[in-house]
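Inside the fold
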Amino acid sequence: MGGGAKEELGVVESREWYLSAYAPDGVPTSDHLKLRTLSLSLGPDSIPDQHVAVQLLWISVDPYLRSRMTGHEDGLYFSQFDLNQVLTEFGIGRVIRSKSSEFTEGDIVINPFSPVAEYCVVPTAFLRKVDPTSGISLPDYLSSLGVPGFTAWVGIEVLGNPKPGSNVFISAAAGGVGMFAGQLAKLKGCRVIGSTGSDEKVKLLKEEFGYDDAFNYNKETDFDAALSKYFPNGIDIYFENVGGKMLEAVLNHVNQGARIPLCGMISQYNKVWTEREGVRNLLNMVGKEVKMQGFLVGSYLDRFGDFMKEMEAYLKEGKVRSKHKVFSGIESFLESFSSLFSSSNSGKVVIQVI
């Protein structure tokens, strides 16, 4: 990290993560993701107008990044990172130099396109200030009030259209998005069941996040039998995070007019498309008039204000709870990213940079 005489002269040493090689399958390793140190000038002439220099405080770590490291566009169809390009993520930082009338030194800001770097110079167009007196913790702006919370809200509130008494199933229910999807459905009066990868996380879902029940998919491996057990009256809403065999099993238990918001399919992210598991019973969607819809939150930014108002109220009233898995130091990015694909992972993965 920068400091001393160099910083006084307007130069800092900044470590940053970049993509050195594409990883078409498997979990990316140190062969693909590397850390380097660069000298960054923070002098007045080095910062353009309407830009600020930011010191990174917190950075989000999300599964969707995997789809930007394959070298080919399919699935989520996010643009690929260029080789040797610094990675970008949802981040929170402190303004340390400003060439903008809207921001001053010391402001805490959220950047949805933050470089995964200790220091950066960025345009102010997408920055949003954080009110330090709000009583909301900074990691919550990366989870419940960030992309995971907004994703859960769009899937449940907008696409799921839940009604009191609806039977709702959430896969990857203890993950960064799933934990909020289930809580939001409960707040709408639904009966909510989740699937997750360990007995510990089953307990977490029921005791901390208010799920009516949950099951460990590593123990109850006959998904069709499990869903018969937990949904004797069928499934009205399935919030899809997993794909593959779980999606196929769900389609045997959907009710008439069921809704399936497609958030992600993490079981398929590390496979090339020819090796991914197919779903054999899509015909069930016709007879049951099921609506299955993929979505990206960028298409719903016109609803972000509604989401923030509702979710902030829930947080302040203690109606929504968060769980964060916190890694320390920017050097932990590779470890934290790899943890996303482990069945032992729960909660929202974030890095506290300083």
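This text gives an overview of the structure that appears in the document. On a predicted model such as this, the values are computed, not experimentally measured, just so you know. (Residues numbered from 1 in each chain as written. Predicted model: local features only at pLDDT ≥ 70, side-chain atom pairs only at ≥ 80, totals over all residues. Heavy atoms only, no water.)

Brief notes about the packing of helix H2 (residues 147-160) against helix H8 (residues 304-316)
When two helices pack together, their arrangement is given by the angle between the helix axes and by the axis-to-axis distance. Following both chains from N to C, one finds H2 and H8 inclined at 100°, their axes separated by 10 Å at the closest point. Looking at the two axes, H2 sits roughly perpendicular to H8. Contacts from Gly 149, Phe 150, Trp 153 and Glu 157 of H2 reach H8 at Phe 304, Asp 306, Phe 307, Glu 310 and Met 311. Partitioned by chemical class, the residues of the contact of H2 with H8 number five nonpolar, one polar and three charged. (Axes fitted to C-alpha atoms, helices over the stretch in contact; angles between N-to-C directions. Helix = DSSP H or I, 4+ residues; strand = E, 2+ residues; numbered from the N terminus. Parallel < 35°, antiparallel > 145°, perpendicular 65-115°, else oblique. Contact = heavy atoms within 4.5 Å. Nonpolar A, V, L, I, M, F, W, Y, C, P; charged D, E, K, R; others polar.)

Notes on helix H4 (residues 199-207)
Restricting attention to buried positions, one finds in H4 the residues Lys 201, Val 202, Leu 204 and Leu 205. Taken down its axis, H4 places every buried residue within 160° of arc, on the same side. Away from the buried face of H4 by more than 90 degrees, exposed residues Glu 200, Lys 203 and Glu 207 are located. Those residues of H4 that are buried are in contact with strand S9 (191-196) and strand S10 (213-216). (Buried < 20%, exposed > 50% of the residue type's maximum accessible area, 1.4 Å probe, protein only. Arc of directions from axis to C-beta.)

Examining the packing of H2 against helix H3 (residues 178-187)
Here H2 crosses H3 at 45°, and the two axes come no closer than 8 Å. Between H2 and H3, the crossing angle belongs to the class labelled oblique. Viewed along their axes, H2 and H3 form a crossing whose handedness is right-handed. Facing H2, whose interface residues are Pro 148, Gly 149, Ala 152, Trp 153 and Ile 156, H3 presents Phe 180, Ala 181, Leu 184 and Ala 185. (Left-handed = near helix turned anticlockwise from the far one by under 90°.)

Remarks on the sheet that holds strand S11 (residues 235-239)
Spatial ordering of the open sheet is given by S10-S9-S8-S11-S12-S13, a layout of six strands whose pairing is parallel. Of all the strands in the sheet, the pair left with one neighbour each is S10 and strand S13 (291-294). Each neighbouring strand pair of the sheet contributes to a mean axis angle of 15°, computed without reference to strand direction. Where S9 meets S10, four bridges bridge the pair, whose relative direction is parallel. When the sheet's bridge partners are listed, Gly 194 is paired in S10 with Ala 214. (Pairing = 2+ DSSP bridges.)

By themselves, these are just geometric observations and shouldn't be taken as functional.
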